[in-house]
Amino acid sequence: MASSAGEDSVSDSQRHKHNKKTKDKVDDSELLTVPDGWKEPVFTKDDNPRGLLEESSFATLFPKYREAYLKECWPLVENALADAHIKASLDLIEGSMSVCTTKKTFDPFAIMRARDLIKLLARSVPFEQAVRILQDDVACDIIKVGTLVRNRERFVKRRQRLIGPKGSTLKALELLTNCYVMVQGNTVSALGPHGGLKEVRKVVMDTMKNIHPIYNIKTLMIKRELAKDPDLRSQSWERFLPKFKHKNLAKRKEPKKKSVKKEYTPFPPSLPESKVDKELASGEFFLRESVKRRKKMEEIKVKQTEALTKKQEERNKAFIPPKEKPLPKKTHKGTKHLFIGPTPIGMSKKKKSRSLVSHCF
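Remember, it's a predicted structure, so these values are computed and weren't measured experimentally.

Caption draft 1: A look at unusual backbone geometry. The backbone of Asn178 sits at a positive phi, close to 60°, despite the residue not being glycine. Note on placement: Asn178 falls in the loop between helix H6 (168-177) and strand E5 (180-184). Backbone geometry places Asn210, a non-glycine residue, at a positive phi of 70°. Along the chain, the position of Asn210 falls in the loop between helix H7 (194-208) and helix H8 (213-227). Looking at Asn210, the relative accessible area reads 45%, which means it is partly exposed.

Written as structure tokens, this is what we have:
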């Protein structure tokens, strides 16, 4: 009885653990999938009736060529920020824009959106697009690309590659990511949903790394079609996406003489043998001077004889006659061997041919 009660308790505990695991799995899946058409509730004054305790402010500089445009559209900027109870000021002497919260400001994140608004205006984004940053589902990303490529000419070419002929590449990227993209100077400003901004940053960084944007645009088009199918949402898309191989056409030329590094040894190299050491090894050191001289003279004589024989052979080459090739024998069938002498002066070729025929017959 005791054993059966113990088994029941073990089985109950295992079932409880299994049910807990299944619950956790269900929760994870629910967190990953967002229902279609769901929107985050708008932050109102009822959520923060007391307002903010401290004043926050941000300022940014703008280039000289933006001064006329900002001066023209600044009343619209003030009206847009007045809805969020944020004060904006334009300083044309210093060339700066600043935003700060007021006592009526209730949204703590509104100052961050106002900061992004003045940043986008400084980066040549038009006011009609930049004002969208005040919406809840819109974010911005300013990508600094000026320091990614060292060579200035190469940087300009890659930046132009991102824009494309008549802005076609940039327009395709905007349509696929639902973002507004502005290429200006050393920065790329993007404005849109968070998912689209992530894709825009990837395309821009890959373009600066010498990867053509058309490859990323092709993958984005395939992903867009796959997202329409509800069955493929929980599956991996790697089998559908294209895999591009890098081709390094301009390979580095290898040197003709490759210097092979020797293996490192802590011991110093052995000293070369001196003349005395060589004589001791061969036994010449113990010979008399007269014998040494005689031996040297014999070596010199041998070298002289070898040089004389080589010179004599070179001289004799001029007297050797060249080999003549044998002449090919030509035989004419049905004709006798005739001696044909030179044609007499005044005789034509026709007469010569007739005389030859008469001789043959």
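Caption draft 2: Quick peek at a nonpolar patch on the surface. On the surface, Val276, Leu280, Phe285 and Phe286 cluster together to form a nonpolar patch covering roughly 400 Å² of accessible area. Residue position: Phe286 is located in the loop between helix H9 (275-282) and helix H10 (289-316).

Caption draft 3: Region of the structure containing the side chain of Ser189. Checked against the element boundaries, Ser189 lands in strand E6 (residues 187-192). Under the relative-accessibility criterion, Ser189 is labelled buried at 2%. Residues in contact with Ser189, not counting those within four places in the same chain, are Leu120, Arg123, Val125, Asp141, Ile142, Tyr180, Val181 and Met182.

Caption draft 4: Representation of the pattern of salt bridges. Under the defined criterion, the tally for this structure stands at eight salt bridges. One salt bridge in this structure joins Arg201 and Asp141, with 2.9 Å as the shortest N-O distance. You can see Arg201 sitting in helix H7 and its partner Asp141 sitting in strand E4 (residues 139-144), a full 60 residues away along the chain. For Arg201, a relative accessible area of 34% gives the class partly exposed.

Caption draft 5: Broad picture of the pairing of E6. Counting buried positions along E6 gives six out of six residues, so the element sits mostly inside the fold. Side chains of E6 alternate between two faces, with Thr187, Ser189 and Leu191 and Val188, Ala190 and Gly192 buried alike. Relative to E6, E4 runs antiparallel, the two being bridged by six bridges. Pairing of Ile143 across the sheet is with Val188, part of E6. Pairing between E5 and E6: five bridges, direction antiparallel. Bridging across to E6, Met182 finds its partner in Ser189. The loop that links E5 with its antiparallel partner E6 comprises two residues; one of these, Gly185, has a positive phi angle of about 65°.

Caption draft 6: Broad picture of the packing of H7 against H8. One way to put it is that H7 packs onto H8 with a least axis distance of 9 Å and a crossing angle of 155°. Accordingly, the angle class assigned to the pair H7 and H8 is roughly antiparallel. Here H7 runs over H8; the crossing is right-handed. Note on element contacts: H8 touches H7 through Pro213, Asn216, Leu220 and Lys223, opposite Glu199, Lys202, Val203, Asp206 and Thr207. Of the residues assigned to the contact of H7 with H8, the class counts are three nonpolar, two polar and four charged.

Caption draft 7: The nonpolar core, seen in detail. Of all hydrophobic cores here, the largest spans 26 residues; its most connected members are Val77, Leu81, Ile86, Met97, Val99, Leu117 and Leu121. If you list the elements that add at least two residues to this core, you get helix H2 (67-82), strand E2 (86-91), strand E3 (96-101), helix H3 (110-122) and helix H4 (127-130). With eight residues, H3 is the single largest residue contributor to this core. Residues within four places of Ile86 in sequence aside, it is in contact with Leu81, Val99, Cys100, Thr105, Ala110, Ile111 and Ala114. Counting residues in each nonpolar core, the second largest holds 21 residues, with Val145, Leu162, Leu176 and Cys179 among its members.

Caption draft 8: Fine view of the packing of aromatic side chains. Per the stated rule, a full pass over the model turns up two aromatic pairs. Arranged with centres 5.7 Å apart and planes meeting at 90°, the rings of Phe285 and Phe286 form a pair that is edge-to-face. Looking at Phe286, the relative accessible area reads 63%, which means it is exposed. The side chain of Arg115 reaches across the aromatic face of Phe58, ending 5.5 Å from its centre.

Caption draft 9: Just the sheet that holds E5, in detail. With respect to topology, three strands assemble into an open sheet ordered E4-E6-E5, the strand pairing being antiparallel. Each end of this open sheet is capped by a strand with a single partner; those strands are E4 and E5. Across the sheet, the mean angle separating the axes of adjacent strands is 15° when strand polarity is ignored.

Criteria and thresholds
- Residues numbered from 1 in each chain as written.
- Predicted model: local features only at pLDDT ≥ 70, side-chain atom pairs only at ≥ 80, totals over all residues.
- Heavy atoms only, no water.
- Helix = DSSP H or I, 4+ residues; strand = E, 2+ residues; numbered from the N terminus.
- Buried < 20%, exposed > 50% of the residue type's maximum accessible area, 1.4 Å probe, protein only.
- Patch = residues over 30% accessible without salt bridge, like charges linked within 9 Å, V, L, I, M, F, W, Y side chains within 5 Å.
- Areas by Shrake-Rupley, 256 points an atom, 1.4 Å probe, with all protein chains shown as cover.
- Salt bridge = Lys/Arg side-chain N within 4 Å of Asp/Glu carboxyl O.
- Contact = heavy atoms within 4.5 Å.
- Pairing = 2+ DSSP bridges.
- Axes fitted to C-alpha atoms, helices over the stretch in contact; angles between N-to-C directions.
- Parallel < 35°, antiparallel > 145°, perpendicular 65-115°, else oblique.
- Left-handed = near helix turned anticlockwise from the far one by under 90°.
- Nonpolar A, V, L, I, M, F, W, Y, C, P; charged D, E, K, R; others polar.
- Core = buried A, V, L, I, M, F, W, Y, C linked by side-chain atoms within 4.5 Å.
- Phe/Tyr/Trp six-rings, centres within 6.5 Å; stacked < 30°, edge-to-face > 60°.
- Lys NZ or Arg CZ within 6 Å of the ring centre and 35° of its normal.

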